[in-house]
Protein chains: 2
Amino acid sequence: MNQNYIIPDEWSIIEEGFDRERVMSSESLFSIGNGAMGQRANFEETYTGETFQGSYIAGVYYPDKTKVGWWKNGYPEYFAKVLNAPNWIGIDVEINGEILDLSQIEISNFRRELNMKEGWLGRNFNAKLKNGIEIEVNIIRFLSLDLDELGAIKYEIKPINNSAKIIFKPYVHSGVTNRDANWEETFWEPIISGIEQGFAFVQARTFKTGFNVVTFMENTVFINDEKQEIISSENSQTETKIQFKHEVEVNPNETTSLVKFGGYTVSTNHSENELVNAAKNVLVQANELGFEKLFQNQKEAWAKIWEMADISIEGDVKAQQGIRFNIFQLNQTYLGKDARLNIGPKGFTGEKYGGSTYWDTEAYCLPFYMATKNQEVARNLLAYRYNHLEKAIENGQKLGFKNGAALYPMVTMNGEECHNEWEITFEEIHRNGAIAFAIFNYVRFTGDFSYVPEKGLEVLIGIARFWHQRANFSKDKNQFVILGVTGPNEYENNINNNFYTNYLAKWCIDYTVELIEKIENEFHSDFNQIFDKTNLSKSEISEWKNVADNMYFPYSEEHGVYLQQDGFLDKDLTPVAKLDKAERPLNQKWSWDRILRSPYIKQADTLQGFYFFEDNFTYEELEKHFNFYEPLTVHESSLSPCVHSIQAAKLGRMEQAYEFYLRTSRLDLDDYNKEVEEGLHITSMAGTWMSIVEGFGGMRVKGDQLHFTPQIPKEWKSYSFNVNFRNKILKVNVSHEGTEFNLEGNENLEVIVNGKSTEVKPLIKTI
Amino acid sequence: MNQNYIIPDEWSIIEEGFDRERVMSSESLFSIGNGAMGQRANFEETYTGETFQGSYIAGVYYPDKTKVGWWKNGYPEYFAKVLNAPNWIGIDVEINGEILDLSQIEISNFRRELNMKEGWLGRNFNAKLKNGIEIEVNIIRFLSLDLDELGAIKYEIKPINNSAKIIFKPYVHSGVTNRDANWEETFWEPIISGIEQGFAFVQARTFKTGFNVVTFMENTVFINDEKQEIISSENSQTETKIQFKHEVEVNPNETTSLVKFGGYTVSTNHSENELVNAAKNVLVQANELGFEKLFQNQKEAWAKIWEMADISIEGDVKAQQGIRFNIFQLNQTYLGKDARLNIGPKGFTGEKYGGSTYWDTEAYCLPFYMATKNQEVARNLLAYRYNHLEKAIENGQKLGFKNGAALYPMVTMNGEECHNEWEITFEEIHRNGAIAFAIFNYVRFTGDFSYVPEKGLEVLIGIARFWHQRANFSKDKNQFVILGVTGPNEYENNINNNFYTNYLAKWCIDYTVELIEKIENEFHSDFNQIFDKTNLSKSEISEWKNVADNMYFPYSEEHGVYLQQDGFLDKDLTPVAKLDKAERPLNQKWSWDRILRSPYIKQADTLQGFYFFEDNFTYEELEKHFNFYEPLTVHESSLSPCVHSIQAAKLGRMEQAYEFYLRTSRLDLDDYNKEVEEGLHITSMAGTWMSIVEGFGGMRVKGDQLHFTPQIPKEWKSYSFNVNFRNKILKVNVSHEGTEFNLEGNENLEVIVNGKSTEVKPLIKTI
């Protein structure tokens, strides 16, 4: 771990004391979001110290020109850049003529709190300005779950040692910059700005993509909770910025506050000429409720989320804080309300990794959303890919595939590939398998087979076709091989016969064929319709089968393990434990070629296959592979520790499982990878949830039963979580004394613990 | 071939008839250069049709920011961009108030000639303007070999059907743009412009690199060869552009001409505050000589170059034109006068491939310059790398190598790596071997061993160290392996145990050890000095030897060939001949992953090893490997056909050898690769020379003897070439009747033809 300043607390992320060096880390850690928008914890007032400004709107991006050394055919012309959106939070503050700027003055009692239980960000501090005035400042900010185009700020100032003339200068501003930009490039084209009494807006459009956004605000000033008449004589207005000037005289120990409502209305949700009206509408609703009621609603909305999604841990505050931080951030990023959206790897906390959808969604996030939300949310995540099937087929065509073979993009915003490294875009094709696996996983967990004939089978056929065409027959091996791929372990590129990829390819074909047969038998009219639409034939299917049945898997007799890829044993297999710590993380210390020829594994690769297809391998096989690969694994992907935690738990190595758990759950809080400034690792947070539920709890679905093999880290007293299994809410509590199961209402569910059926008590209400 | 409009001629490149579609191709093909600067054959006057403007100054470049999808450690921060230099050739022409613009009017008798014998570019045409005036235009342009900062233009106009008011508007202009640029980026910062009587200049500096360039001109106007008083009342001047206005009244069938002297003085050759004076100085010299004398000198200077470098072919005009075009362009690009310069792959004909030095220099260009110039030129090319040794060691350090291991850059301007694709920059390490081989080749050819103790051995020690560290021991194979490389065949990336690379690595170590021993015995004081300087020890050398002696080479028993790399036989080995022609060239039709997993070979790879180390393999081995690999080779690198031509000749397959010869010699003239618009393939032109001398002529050096196995394509009557072998000039003439050898003066040289000593006649002068 690389930092240790976050104060352990069960429900909040807390920072005490002001340290300029920590500003950018805290901007990431204290980020807030409501699924539709989100933002880093930038200060409202002027801050001239080092900061990383970021406010993001779901689905709004910019297609940056692809630039590579030598152009390679098939590259996407553009790649998606995450855009810093216009600023609506800004409130410059002037006190007796001096601008409040935390980087310039003496600060005491600084405290920041991200209250996860209630969904708000708080900040308070005492400041002594250069002009001698001492003030106490208290700020609350939240992004409303109720009105998801709205954010609210209450900015309170109390002069301590003297009366003060305080000027609040709230603004909206579209002239923002991106961290990730060439030179002085800008991405927002200003359209118009406007003021109508207290309402102000700036409208701007993204270049190229043409997203039209109205950024708006309305403000109220109070002294001691008494609303003040606002005189806005000296407003300033340009095409990109409107700034009001609200002046109040405040006596010592009186409190003045500015309440600012602001946010965005976006052309993805409104017609362009209705954006300003839509903004006014949001404010009408907000004003009707008022700050306090909105705040109350916010707390209630978060209570509802927690009711289902919470995992509580007794006896280990840091572990508790970690898991709640993960669950909180996931829910800030994606709530499953809008089927066009998805779960970006940095959520609304930074710019890194353009594009919102990776295979992370299917491999890591789906199980979390499946178990903690209405199953419609998981279905939306699957439908997102169904809706992009046509573009995946086009993408396949660009790379030379035919006949409806679909290759889903590695990174996407709208179904088109928007990443541009050949070893990733063209070769990290295992993503296609994860998308197929998600369909299997969804059906297994929800029991909702209807998705398959409706949508899933078409996706699977496109994917099976891809694998069939992507493999080629090796005369030398007398089997089918898959050449030139990048596996989940991205510390290998353009390798041949990656075990994970080959296994997944075979599985995809087998599963598709199995479902085709089932649908032919059980859903005859669907079958005919799909057969026609996809132009499928029996002979094509038998060609697929030929590939699946004769797939090659690299295997070492000497070690008794499948090899990550051909030639893996040519490497110098020195374990990670023997590496000098100064060499870590490898991706910051070693050049790429050195990483590539090393045996070091970024994240579960062969073991990812053992995770997905656990039932196809014996305990002894898992043990052998874990013993062979884990010691070579550097876990430099946020997606790595969780899978290893689950497998360590399965192998009964609870200490190791707990270590991995801590690493995954506090990856950002403790900044393991020295990069939290850049934003949080959102998608891996679902892996933390899996580490507890599937790892320690040992939850598995078998047919209509839920199976558990509960264990508990010795550091904990107990832990409990909920699972929405087929619309039945099961509450699980594991302690050193044993495991209790409660089912909401009078429902029935067969729960198997360590292979034996167990008692499930009914509950009228779980919590 | 993709075009067929160049008129066959022994000494000139000729185009007849004006076709707008061919303008950009011709701009490349008719390029001129003098080693210090060069330019595409852009028109002097206004041209509003499609054009690719390019004028280039040797060694002047711009370090563009590296942009990649996800940053990889060790990337160079910048990569070199070839910069279009300010324009000095511009002469706008107005005739009776109408601007002359070939894209807008009727043109007849258009003819363009690149006279290679004499080194000038000519253009003439008749034009009928919209205002009814008919004119005849005649333009000569050359870049002086004598004064290499000077270019000269004679622009003649003759009104035919009426008298005309003709305004010449010659200009210099630094506000030029690059084809390869982000959006509207510019690369030249204007500094100042100035006019002193007829002399004008614009001074500008490249951003970042700070090359300071004065672009200058001076003009004279004639009517019927009578110099006219110049009245320049209406000159226009800005910071970036000066344009004069010279007006003349011309009667029908009288000729007016503008003689323009112009060019560059550059801060690489003068102190910055002397640039303007230096420019004036150039003009003083030019004016003293005058256009006609300068032109005469130009012809004489080229005659001197041809005296030594020419290859004449009887009975095949196209083949003759091809080889002369190659020899001419090589000499336009690099004359060996300035040891800081090198041979860029596009010379002065386009922007593609930033950077001036690739392994092409050592592998392809060195033999040509060695045999056709004073051997000091070849020594300069070697010394270029010696001068960069320290930077190559630094480059190695960045990639994790130690103890003086040197990795030369893949592409460079000044010794630093300036290319940024990991699979090239980090992995195409065979370049290091070519640099070592060049030392061997130089010593073998020139007999000048003195270079080794003076400079060469230090370079070899750095390279041997690199290979020693880059290999690792495979327990599985019980041999040393080299993982993660890209061979000469760039249609494979990140492969393991590339035969060529492994072979070269072993050879480099063996050769270095051999030289160390020789120097220890024969140059004792040098030996001690080098041992100290490089901190070498006997035990280190024996570690190298251990790697070289136990190097692994992939081999197929079934096919009896070394494999290009591990796993090569897993590919679908369908030969190129069976590919649909619509799929070619692959690099324009197939996505990169498809190319990578295919067996198709861009250029000689295993066979490149057979070319370098021919003596280490039997005829039967060469035949087997050629039969295995050539049918899989697409020759989509300009460097490919020449090696195959030489080997086909060696195997007695003269028809195939001739086909390859035509392809390499007329690659650009006939635009085989559909890209001549972008510029010419300069470095491969040396391969054309090798195809004749080493291929058809079968010239080899063995000890102090020159060996030949002469053959002749049936299409030719005879061919002859010269070789400067150890400062003796041998003239070789091969015909169907036999081969004649003449040696300049009364020197002796033992020449072996088909294994037998042959008569060499003395000549007082070869030509």
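Note that the structure is a prediction, hence the values are computed from the model and not measured. Throughout this description, residue numbers start from 1 for each chain and increase along the sequence as written. Think of it this way: whatever chain is written first is A, whatever ligand is written first is 1, and the rest follow in order. Where totals are concerned, whole chains, interfaces and linings use all residues; where local detail is concerned, this predicted model gives features only for residues with pLDDT of at least 70, and gives and counts side-chain atom pairs only at 80 or more. Excluding hydrogens and water, the side-chain values take into account all heavy atoms of the structure.

Concerning the overall build of chain A
Reasoning step 1: Of regular secondary structure, chain A possesses 19 helices and 34 strands.
Reasoning step 2: Atoms counted for the radius of gyration: C-alpha only. Globule rule: 2.2 Å times residue count to the power 0.38. The C-alpha radius of gyration of chain A comes to 27 Å, within 12% of the 27 Å expected for a compact globule of 767 residues.
Reasoning step 3: Each of the three principal axes of chain A carries a C-alpha extent, and together these read 85 × 60 × 55 Å.
Reasoning step 4: When the 767 residues of chain A are sorted by exposure, 64% land in the buried category.
Reasoning step 5: A contact between two residues is defined here by any heavy atoms of the two lying within 4.5 Å. In chain A, the proportion of contacts linking residues at least 24 apart, taken out of those at least 6 apart, comes to 69%. Only DSSP runs of H or I with at least four residues qualify as helices, and only runs of E with at least two residues qualify as strands; both kinds are numbered from the N terminus onward. For the exposure calls, accessible area comes from a 1.4 Å probe over protein chains only, and a residue counts as buried if that area is under 20% of its type's maximum, exposed if over 50%, partly exposed in between.

Overview of the environment of Asn 746 of chain B
Reasoning step 1: Here Asn 746 of chain B is to be found in the loop between strand S31 (738-744) and strand S32 (751-753).
Reasoning step 2: Linking Asn 746 of chain B and Pro 345 of chain B, residues 401 residues apart in sequence, is a C-alpha distance of 39 Å.

Let's talk about the relation of the copies chain A and chain B
Reasoning step 1: Alignment of the copies relies on least squares applied to C-alpha atoms, considering only residues that score at least 70 for pLDDT in both. Laying chain A over chain B is done by rotating through 180° and shifting 0.0 Å along the axis; what remains is an RMSD of 0.0 Å. Taken together, the rotation and translation describe the operation of a two-fold axis.
Reasoning step 2: The share of interface residues of chain A whose copies in chain B are also at the interface is 100%, consistent with both copies meeting through the same surface.

Some words on helix H16 (residues 619-629) of chain A
Residue and element names in this part refer to chain A.
Reasoning step 1: Among all positions of H16, only Leu 622, His 625, Phe 626, Phe 628 and Tyr 629 are buried. Take H16 and look down its axis: the buried residues cluster within an arc of 165°, on one side only.
Reasoning step 2: Lining the buried residues of H16 we find strand S26 (561-562), helix H15 (606-612), helix H17 (640-650) and helix H18 (654-665). Here the arc refers to the set of directions running from the helix axis out to each C-beta atom.

Let's talk about the packing of aromatic side chains
Reasoning step 1: Only Phe, Tyr and Trp rings take part, Trp by its six-membered ring, and two of them pair if their centres are within 6.5 Å. Stacked means planes under 30 degrees apart, edge-to-face means over 60, and tilted covers everything else. With the rule as written, the count across this model stands at 125 aromatic pairs over all chains.
Reasoning step 2: Taking 5.1 Å as the distance between ring centres and 80° as the angle between the ring planes, the aromatic pair formed by Phe 43 of chain B and Tyr 47 of chain B counts as edge-to-face. Across this residue pair, the class does not change: Phe 43 of chain B and Tyr 47 of chain B are buried.
Reasoning step 3: Between the aromatic rings of Tyr 719 of chain B and Phe 721 of chain B, the centroid separation amounts to 6.3 Å while the plane-to-plane angle is 20°, which identifies the pairing as stacked.
Reasoning step 4: Given the relative accessible area of 0%, Tyr 719 of chain B is considered buried.
Reasoning step 5: One Lys or Arg, Arg 179 of chain A, reaches over the ring of Phe 52 of chain A and ends 4.4 Å from the middle of that ring. Two conditions define a charge sitting above a ring: the NZ of Lys or the CZ of Arg must be within 6 Å of the ring centre, and it must be within 35 degrees of the ring normal.

Things to note about the UniProt feature "binding site: substrate" (unreviewed entry) in chain A
Residue and element names in this part refer to chain A.
Reasoning step 1: UniProt positions are given in the numbering used here, feature names are shortened, and annotations may be inferred rather than shown by experiment. The UniProt entry lists Trp 359, Asp 360, Lys 602 and Gln 603 under the feature "binding site: substrate" (unreviewed entry), expressed in the numbering used here.
Reasoning step 2: Looking at the secondary structure, you find Lys 602 in the loop between helix H14 (592-597) and H15.
Reasoning step 3: Excluding its chain neighbours within four sequence positions, the residues that come into contact with Lys 602 are Asn 489, Glu 490, Tyr 491, Val 634, His 635, Glu 636, Ser 637 and Ser 640.

Focus: the pattern of salt bridges
Residues and elements named next belong to chain B.
Reasoning step 1: For this analysis, a salt bridge means a side-chain nitrogen from Lys or Arg found within 4 Å of a carboxyl oxygen belonging to Asp or Glu. One pass over the structure, following the stated rule, counts 87 salt bridges over all chains.
Reasoning step 2: A salt bridge links Lys 602 to Glu 490; the shortest N-O distance between them is 2.6 Å. With a gap of 112 residues between them, Lys 602 in the loop between helix H14 (592-597) and helix H15 (606-612) and Glu 490 in the loop between strand S24 (479-481) and helix H10 (499-522) connect regions that are remote in the sequence. Residues Lys 602 and Glu 490 agree in their burial class; the two are buried.

What to know about the UniProt feature "domain: Glycoside hydrolase family 65 central catalytic" (unreviewed entry) in chain A
Reasoning step 1: Within this numbering scheme, the UniProt entry marks residues 324-690 of chain A as carrying the feature "domain: Glycoside hydrolase family 65 central catalytic" (unreviewed entry).
Reasoning step 2: Between the first and last C-alpha atoms of residues 324-690 of chain A the distance is 13 Å; the span itself is 52% helix and 3% strand.

Structural notes on the environment of Phe 211 of chain A
Residues and elements named next belong to chain A.
Reasoning step 1: Within the secondary structure, Phe 211 is located in the loop between strand S15 (199-206) and strand S16 (212-223).
Reasoning step 2: A sequence separation of 61 residues divides Phe 211 from Glu 272, and the C-alpha atoms of the two residues are 9.3 Å apart.
Reasoning step 3: Sequence-distant contacts of Phe 211, defined by excluding residues within four places in its chain, comprise Gly 59, Val 60, Tyr 61, Trp 188, Ala 204, Arg 205, Thr 206, Ser 267 and Thr 268.

Observations concerning the sheet that holds strand S3 (residues 37-39) of chain A
Reasoning step 1: In this scheme, strands are said to pair when DSSP sees at least two bridges between them. Strands sit in the order S2-S3-S4 (chain A) across an open sheet of three strands; the sheet is antiparallel. Edge positions in the open sheet fall to strand S2 (32-33) and strand S4 (55-57) of chain A, since each of these has one partner strand only.

So, the domain arrangement of chain A
Reasoning step 1: Each domain span listed reflects an automatic or database assignment of domains. Splitting chain A by domain gives domain 1 (12-289), domain 2 (328-696) and domain 3 (701-767).
Reasoning step 2: Put simply, the middle of domain 1 of chain A and the middle of domain 3 of chain A, counted by C-alpha atoms, are 44 Å apart.

Let's talk about the interface of chain A and chain B
Reasoning step 1: With 56 residues of chain A at the interface, the matching set in chain B holds 56 residues.
Reasoning step 2: Buried area is calculated as the accessible area (1.4 Å probe) missing from two parts once they are joined, with the contributions of both summed. Taken together, the two surfaces of chain A and chain B that pack against each other cover about 4,900 Å², and 51% of this comes from carbon and sulfur.
Reasoning step 3: Our enumeration of links across chain A and chain B arrives at two salt bridges.
Reasoning step 4: Between Lys 477 of chain B and Asp 570 of chain A there is a salt bridge, with the nearest N and O atoms lying 2.6 Å from each other.

Looking at the pairing of strand S11 (residues 134-143) of chain A
All names here are of chain A.
Reasoning step 1: Across the ten residues that make up S11, a large majority, seven, are buried.
Reasoning step 2: The turn joining strand S10 (residues 120-128) and S11, which pair antiparallel and follow one another in sequence, is formed by five residues; a positive phi near 95° is taken by Gly 132.
Reasoning step 3: With antiparallel pairing between neighbouring strands as the criterion, S11 and strand S12 (residues 150-159) make up a hairpin whose turn holds six residues.

Observations concerning helix H18 (residues 654-665) of chain B
Turn by turn, an α-helix covers 3.6 residues, leaving residues three or four places apart pointing in a common direction.
Residues and elements named next belong to chain B.
Reasoning step 1: For H18, spanning twelve residues, the distance from its first C-alpha to its last is 16 Å, which sits close to the expected 16 Å at 1.5 Å a residue.
Reasoning step 2: Regarding H18, the residues found buried are Met 654, Ala 657, Tyr 658, Phe 660, Tyr 661, Arg 663, Thr 664 and Ser 665.
Reasoning step 3: Where the residues of H18 are buried, they touch strand S22 (311-314), helix H3 (317-333), helix H16 (619-629), helix H17 (640-650) and helix H19 (685-696). In this analysis, the expected span of each helix is defined as 1.5 Å times one less than the number of residues it contains.

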